[in-house]
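Take a look at the letters that make up each chain.
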Number of protein chains: 4
Amino acid sequence: MKQTDMNIFAQLESEVRSYCRSFPTVFTKAKGYKMWDEAGKEYLDFFSGAGALNYGHNEDSMKEKLVNYIMSDGITHSLDMATQPKAEFLETFNEVILKPRNLEYKVMFPGPTGTNTVESALKLARKVTGRTDIISFTNGFHGMTIGSLSVTGNAFKRKGAGIPLQNVVTMPYDSFVNEGLDTLEYLERFLEDGGSGVDIPAAMILETVQGEGGINAASFEWLQRIEAICKRWGILLIVDDVQAGVGRTGTFFSFEKAGIKPDIVCMSKSIGGYGLPLAITLIRPDLDIWAPGEHNGTFRGNNHAFVTATAALEFWKDPEFEHNIQKRSERIYSFLESIVEKYPEVKGEVRGRGYMVGIGSEVEGLSEKIAAEAFNRGLIMETSGPKDEVFKLFPPLIIDDAGLEAGFEIIEASVKTALEAAEPVAN
Amino acid sequence: MKQTDMNIFAQLESEVRSYCRSFPTVFTKAKGYKMWDEAGKEYLDFFSGAGALNYGHNEDSMKEKLVNYIMSDGITHSLDMATQPKAEFLETFNEVILKPRNLEYKVMFPGPTGTNTVESALKLARKVTGRTDIISFTNGFHGMTIGSLSVTGNAFKRKGAGIPLQNVVTMPYDSFVNEGLDTLEYLERFLEDGGSGVDIPAAMILETVQGEGGINAASFEWLQRIEAICKRWGILLIVDDVQAGVGRTGTFFSFEKAGIKPDIVCMSKSIGGYGLPLAITLIRPDLDIWAPGEHNGTFRGNNHAFVTATAALEFWKDPEFEHNIQKRSERIYSFLESIVEKYPEVKGEVRGRGYMVGIGSEVEGLSEKIAAEAFNRGLIMETSGPKDEVFKLFPPLIIDDAGLEAGFEIIEASVKTALEAAEPVAN
Amino acid sequence: MKQTDMNIFAQLESEVRSYCRSFPTVFTKAKGYKMWDEAGKEYLDFFSGAGALNYGHNEDSMKEKLVNYIMSDGITHSLDMATQPKAEFLETFNEVILKPRNLEYKVMFPGPTGTNTVESALKLARKVTGRTDIISFTNGFHGMTIGSLSVTGNAFKRKGAGIPLQNVVTMPYDSFVNEGLDTLEYLERFLEDGGSGVDIPAAMILETVQGEGGINAASFEWLQRIEAICKRWGILLIVDDVQAGVGRTGTFFSFEKAGIKPDIVCMSKSIGGYGLPLAITLIRPDLDIWAPGEHNGTFRGNNHAFVTATAALEFWKDPEFEHNIQKRSERIYSFLESIVEKYPEVKGEVRGRGYMVGIGSEVEGLSEKIAAEAFNRGLIMETSGPKDEVFKLFPPLIIDDAGLEAGFEIIEASVKTALEAAEPVAN
Amino acid sequence: MKQTDMNIFAQLESEVRSYCRSFPTVFTKAKGYKMWDEAGKEYLDFFSGAGALNYGHNEDSMKEKLVNYIMSDGITHSLDMATQPKAEFLETFNEVILKPRNLEYKVMFPGPTGTNTVESALKLARKVTGRTDIISFTNGFHGMTIGSLSVTGNAFKRKGAGIPLQNVVTMPYDSFVNEGLDTLEYLERFLEDGGSGVDIPAAMILETVQGEGGINAASFEWLQRIEAICKRWGILLIVDDVQAGVGRTGTFFSFEKAGIKPDIVCMSKSIGGYGLPLAITLIRPDLDIWAPGEHNGTFRGNNHAFVTATAALEFWKDPEFEHNIQKRSERIYSFLESIVEKYPEVKGEVRGRGYMVGIGSEVEGLSEKIAAEAFNRGLIMETSGPKDEVFKLFPPLIIDDAGLEAGFEIIEASVKTALEAAEPVAN
C-alpha cells in the first residue's frame, strides 16, 4: 500500500474540510474503540464519529451480516420500495425498542442524514398545525441545510446561510442565563401574553443534551415542564435525538428517564449501527398525515444500513448492555470530576450525561490544546461549544475498562501538558 | 427465508412512502439490470434507482473491492478526516474525469444526499457574491430540504414546506412557454431593467435535462446563452447534475457537449457507483472560500462509497464505455419515436437525451397506466412531470441489447393494453 | 417676510431630501397652475405635486369651505370616530362617483398616504384568500414601506429596504420585453403549470399607467385579459390608482375605459382635492371581512381633507369637466408627438395617456437636462423611469389653453437648449 | 345642518372602523378639552386623539396662523421642495427643542404618519449597520404597515399581516416576566453567547412608555442599561416617541429624564400641533447616510402642518408649560391611586407616567365597561393592553384643574356603576 500524500487534500478537497486539520494523519483501519493510521500508529477513539459509532468500529456481528448480504447480491439501493432488510428493521425496531418502552411511532425514512430527519420533522409539524414558527433553544444544533440551520443557534454556522433565517424563535435552554433564572417561566410568559410578539409555534425542537452546543444537559424536570407547556398550548414536541440517542446518554432514547413522550423524534448517526448513512423520523401515529412522496430523498432506502441497523438492535435485547453503559458512565463522570478538582487552573465544570460528557473550561483555548495534546498521545477527542470551550468525551458504548483507563491516562497527561504550556503566558 | 408481510409497511412505516405503492412487492435481490422479488419474479430495471444505479445493481468489480475493504476492517465512517479511500477517490476523479475534460474543480463532500450538495452550493454562491437571491427554472427539481425546495418548482412539493419559500425567482426553462418564445430574451430583460423587481442574483441553478420535472432537455444553444448571461452579469452558474450526471445523458457531465463550464456542479446518485450514499460539490477553485466546518454533515465521510466510487471510475478510462452509451441511446430514442408514430392515440412526444428519455402523453393518466402495466409484465419504470404525464425510460448504462429489446417489448405491450383499457372511457 | 437661507435645509434636513435639489428655490405661494418663490419668480406647474394637485393649487371653492370649517371649530382630528365631514364625503363619493359608474365599493380609510392604502389592500387580499404571494409588475411603484416596497420594481428603492423583500413575484408589464412578446401568455403559463415555482397568488397589483416607472400605459386589451386571468384563477385584482386616478388619465378612475372592475382600488394623492393628506381603499363589499381595528392609523380621520375632498367632487358633477380633460389631453399628446418628430436627436418616444404623459428619450441624461432647463425658464417638470429617461408632463387638470401654450413654449425651448448643450459631447 | 344618519357608516365604510363603535355618535365641533356631537351633547376629551391632540382641539393661536396661511394662498402641498413654513419649522424645532436639550439631530420628513417614520427608521438602521435583524420588545406597538407591524407585539394585529413577519426578535420589556426577573440580563446573554441563535441586530426599537401595549412604563434605570447595551454591541437605539413624545410623559421627549440619547427618534401624532398629519424622523447627524429620494412619500411636505407645528412649539418656550404638566400629572396619578385603594374589587394597578396613565384591572371586561359608562356620562376614554385590560387617561396637556376634576368625577362614577353591574355575575 503506497503512502498517501496529505497534500492531496489541500490540493483537491475544498477548504471546508475541518477534522483532517485537527487530526492530521491518514486513517486506514479501525476496530472497536481503536483506529490506526497509515504509519501504523494506534489511536483510542474517544470521539466515535461524533456519535455515529456508538457500537465502535466495524463490529463483527454486523460486519458478518453486511458482507453476507452483499455477497448474496441483496438489493443495495431501493428508494422507498419494499425490501426484506427494511421490513426486518421495522419489525425489530418495533419489537426491541418501541414496544418495551411503551412507545408507538410510525417510522419515516427521510434522506440518510441528521439534517434530513430534522427537515422532515419541521415540515410535518408545520403541516399538522398549519402554523409557521418553530421554537428552538439557545445553543441547539440541528443541521446545516436551511430548514435545520434556521433552528440552530451557532452564529458562525447561521451566517453561512447567506440569507436571513426565518420562521424561528430562539428561547433560552435550561440554565442558559444563569442557574437561578427559570427559563421556562420566561418562555411561558411569551406564549400566554397576546402582545408578546411570539406566536404559538408549530413545534418546539430540542436536544435533551446539547452535543455541539457545549454538552449542556437539560434537567429531567425542565424536560417534563417543556412537555407540559407543549401540551397546554397544542405545540408539538420534537426531540432531536440524532446525537444523544441510541444509548449515548445511558438509555436508547435520551428522553426515557425524563419520562416524556415526544410527538416526533429525529434519529440518525448511530441508528445504522456500523457508521453507514441512515436516518429515521419517528412520528406519533395520528400525526402521520404525509401525502405519499410529499417528502423524499434518493438514498432513503440504504439497505446495507438496514442490515446493520437491525443487527445493532441485538445489543438492546440484553438489559445488561444498557446497565453497563450506565455503570461505566458513572466512572467517566467521576474521572472528570477528579480532573476538575485536581487541576483548579482548568477552571473547569463537568457537563453532560452518560457517555456524552466533557469539561467546560473558562481558560480560553485550553480545551483545544488538551485535545491536540491527546491526539499526539494517541487519543481522538473533540471540542464543542460556541467558543470550543469544552473538551468532549465520546467513547463508544462498547469500550471496556481497559480502554477507559488508557484513555483517562492520556487525557490527564494532556491536561497537565496543556496547563504547563499555558502557564508562561499567564506570567 | 420467511415471506414478508406487506402489511408491515402499512403498519409501521409512514404514509410518506411512495414507490412501494407503485411497485407493490418485496424486493430481495438484484444484479445488473435485473431485480427479483420474494416470489422469485424477475424484473427488468428501467428505473435505475432514479438515476442512482447507472452502473446497474451490485456490479462485480465494485462488489469485490467493497467486500475486501470491509473484510480488512478499513475505516467505515470518518467524517472529514483524511482516509486512504478518500485520497484515492480524489486523485482518481481528478485524473480520470476532470483533467481529460480540461476542468479544474475543488471537491467538497457535503452530507451524502442530493439535497445536501444543492444546499451547499446555494450557501457558497451567496457567500461568494454577498447576494441573497437565486434564479431557478420552471419544473426544476433540486431536493426537499428548505434551501433546495425553495429552488424546486413543483407546487405539491413546495406546499410541503409549510412556510413561504423565499429568496428565489423562477424563470422559464427552455421552451417553457411555447416553442416560439425566446425565454432568455425575457430573462435578460429582467436583469437589465433596473425597475424589473428582480435583483441580480447570486446564482442560477439548473438541470441540463430535467428529470423529475418531465424529462425536459435544454438545447445546447440555450445553455450556452445562459452561461453568457451569467458571465455578463457576474452571476454564478450552478449545474445540478445529480440526476443527469455520471453518464446518464451520454457524457460524464451532462453539460460537456454544450461546451459550458459551470462555476459549481452538484453530484450525487450514481457518483458512488454502487448505490451507496454519496454526494460531492465541485467548486471553481477561486470560489472555494469556505471557512473550515462552515458546512458539514455526519456522513460526509462514507468510505464504503469512496471505495465503490473510485472503482466505478474505471469504466470511464475506456472511451468505448461513453461511446456505447451514445450509440445505444439512439436506439432507445428511435424506439420511442416509433411508439409515438405507431400509436397516435398516445398523443405522445418524445423527450430527453441519452438514457434520460421518455414520452410525454397528453392523455390524462395514460402514462401512469402504462407504467403499471409494465410492472405487471416485469419491468420497473417511473413517471414524471407536474401531472405525471411522462413515462420515463431510465435503464442502467450497462444494459445490453438483449435487455433493451426485452424492455421495449414489454413497454410496447403495456402501451397497447393501457390504450385498450382507456378506450371505453373515450366512447 | 425675511428671506430664507437655503442652507437651512442642508444643515437641518436629512440628506434624503430630493425635489429641493432639482428645484433649488424656496416656494411661498401657489394658485391654480402657478407657483411663486420668495424672489417673486413665477413658475408654471407641470408637475402637480406628482399627481396630488390635479385641481391645481389652493382652488377657491375648496379653500372657502376649508376655512369656514376651521373657523367654526369643526373637529379636525377624529381617528375613525363618526364625524359630519366624513359622512358627507362617504355619501357624496357614493352618489357622484360610484353609482354613476355602476360601481359598488366599501370605503376604508387607512393612514393618509399612498403607501398605507397599498399596505391595507395587500393585507386584505391575503386575509381573504389565505394565500401569501402577490404578483406585481415590472416597473410598478406602490410605496416605500416594506409591504408596498416589496411590490415595487425599482432596484434602488428596493435596496433601501435593507432586507430581502419577500412574498412577491414580479411579472412583465404590457410591452415590457418587446412589442412582439405577449407577456400574458407567459404569465398564464406560470399559473397553469404546477411545476412553475409560482404559486397562485392572493392578488395582482398594478397601475394602469405607471407613473414613477416611466409613464408606461397598459393597453385596454391587456387590462381586460388581466382581469379575465384573475377571475379564472380566483386571484384578486388590485388597481393602484394613487397616481393615475382622480382624472389624471381622462376619467375619474383610470380603469374606466378598459371596462374592468377591480376587486380593490387604492387611492390617495388628489383624492383630498386640496393637496391635504388622505387615502382611501375601495373594497368589493363581499370582501370587506376586516375585523374592527385590524388595520388602523392615527391620521385616518383627517377632517380638513374630508371637507376639501367632498368639495372637489363637485367638479365631477358636470360632465364637461371630464370632457375637457380628454379634449385637452389630445392637444398635449400632439404637442409631444411634434417634439419627437421635429427633434429626432431626442430619440424620443411619446408615452402615457391623458394628463399623464411624457417623452422617453434614449439619449442618456437628456431628459434630466430638459427638466433642468425648464426650471430655469419657470416651469416645474419631473423625470421618471428606472434611468430617469422620461420627462413627464403632469399639468393640473384645470389648466387653461393659455397655460398649456405657455408651458409648451418653455418645454420646446428647453429641448432645444438641452440638445445644443448635448451636441459637443457627441462630436 | 341636517342630522347625519349613523347608518351611512355601516353602509358605506369598511368593517375595519372601530372607534365609531365605542363612541357611537357623530361629532361636529371641538375646542380645547371638549367635544360636541350633532345633538349638542358635550364630552370631556380624556383621549386626545390617542395622543395626537396634546394641545387640545383647535387651539386658537395655531388656528389663526393656519387660517392666515391658507387665506394668503401659501403653498399647501410641496413634496420635499423647499418652502418657507418648512424652513421655519426646522429652525424653530432646532432652537426651541433640540439646542436647549443639548441634542443634535437631522430632521427627516417621511410620509405624515407614525408608521411611516418607524419604517424610515428601520430602513436607515439596516442601511447604516448592514444588518437585517431588529430587536423589539413585548407589547410594543409601532404601526400597521409590514415593516412596523413586524416590530409590533400584538398577536391580533400581527395576524392581519397575512404573511410571517420576519427579521425581528422580540425581547422582554421591563417587568414583562415578573417584577423580580431582570429582563436585561436575559437580553444580554443572548447577545454575548455566540450560540444563542440571536444575531447582533441593526437596532433596538422601543417606546419608553407603551401606549397601546398597556401603559407600561420602563424605569429610567432600565432605559439607561438598554442604551449601555446598545453602545457596547454597536446596536442603534431607536426610540419610538410617536405617542409618548411631545410632552405626554411630562417632558418634550419621553426619554429626557432617563438621560439617554437615542440614535434615531420617531415622532408623529402631536408634533403637528393641531391634529394635522405630520411625522418626523430625527437622525444622529453622522448616521444620515440616506441617498436623495431613497425613502419618500407624497405628503411629506404638508405645509399646513408645518405652520401649526411651528406655532405649537411656542408653548415650549415657557418653562412653566412643562412644569405645569408635571405638577398636574401628580394629581392624575394620585386620583388613580385613590381609585385602586377605594375600590379593591377593581383589582387594579396604576400604570404609566405623566399624562399617559391608566389602571390595569384583573377583572375581565371591567375596563371596557368603565370606558363605556364614561362615554354615556360625557367623557371619552380608551382602553389598551393585549386584553383591553387597562383604561387609559389621556387628557390634553392644556387641560385645566376644572376639567380634570370634572373628568375624575365621571370616571369614579363610571367605576362604581361598572362594578355594580359586574357584581351579580360574580354571585
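Scroll up to find the structure this text is about.
The shown structure was predicted, so the numbers you read here are calculated from the model rather than taken from an experiment.

Calculation notes
Residues numbered from 1 in each chain as written. Chains lettered and ligands numbered in written order. Predicted model: local features only at pLDDT ≥ 70, side-chain atom pairs only at ≥ 80, totals over all residues. Heavy atoms only, no water. Helix = DSSP H or I, 4+ residues; strand = E, 2+ residues; numbered from the N terminus. Buried < 20%, exposed > 50% of the residue type's maximum accessible area, 1.4 Å probe, protein only. Pairing = 2+ DSSP bridges. Polar contact = N/O pair within 3.5 Å; in protein donor to acceptor, adjacent residues only side chain to side chain. Contact = heavy atoms within 4.5 Å. Salt bridge = Lys/Arg side-chain N within 4 Å of Asp/Glu carboxyl O. Least-squares fit on C-alpha atoms with pLDDT ≥ 70 in both.

Visitor: When you look at unusual backbone geometry in this model, what are you seeing that I'm missing?
Guide: If a residue is not glycine, its phi is most likely negative; likewise, a peptide bond is most likely trans. Residue and element names in this part refer to chain A. Located in the positive-phi region is N167, a residue other than glycine, with phi close to 65 degrees. Inspection of the secondary structure assignment puts N167 in the loop between α8 (155–159) and β7 (168–171). Accessibility expressed as a relative area gives 5% for N167, which makes it buried.

Visitor: What's the story with the pairing of strand β11 (residues 236–240) of chain A in this structure? I'm lost.
Guide: Each regular strand carries side chains that alternate between the two faces of the sheet. Residues and elements named next belong to chain A. With five of five residues buried, β11 lies mostly within the body of the structure. Side chains L236, I238 and D240 of β11 all project onto a buried face; the interleaved residues L237 and V239 project onto the opposite face, where all are buried too. Note that strand β8 (residues 203–206) and β11 share four bridges and pair parallel. If you follow I205 over to β11, its bridge partner there is I238. Across three bridges, the pairing between β11 and strand β12 (residues 264–267) is parallel. When the sheet's bridge partners are listed, I238 is paired in β12 with I264.

Visitor: What is the right way to look at the side chain of T117 of chain D in this model?
Guide: Residues and elements named next belong to chain D. For T117, the position within the fold is in helix α6 (residues 114–129). A polar side-chain atom of T117 sits 2.9 Å from a polar atom in the side chain of T281. Ignoring sequence-local partners within four residues, the contact set of T117 consists of P110, V242, C266, M267, S268, A279, I280 and T281.

Visitor: Just to check I follow, could you spell out the pattern of salt bridges for this structure?
Guide: Two side chains with opposite charge may pair up if their charged atoms get near one another. All names here are of chain B. Taken as a whole, this structure holds 122 salt bridges over all chains when the rule is applied. The partner of D401 in a salt bridge is R331, and the shortest N-O contact between them spans 3.4 Å. Taken as a pair, D401 in helix α14 (residues 401–426) and R331 in helix α12 (residues 319–342) lie far apart in primary sequence, 70 residues in all. On the basis of relative accessible area, D401 is assigned to the partly exposed category, the value being 35%.

Visitor: What is the right way to read the relation of the copies chain C and chain D from this model?
Guide: Think of it as a corkscrew move, a rotation about one axis and a shift along it, taking one chain copy to the other. Aligned on chain D, chain C shows an RMSD of 0.0 Å; the corresponding rotation is 180 degrees and the shift along the axis is 0.0 Å. Taken together, the rotation and translation describe the operation of a two-fold axis. Identified as the residue of chain C closest to the rotation axis by C-alpha distance is I146 of chain C, at 2.7 Å. Comparing interface residues between copies, 100% of those in chain C also lie at the interface in chain D; the contact surface is shared.

Taken by themselves, the reported measurements are silent on function.
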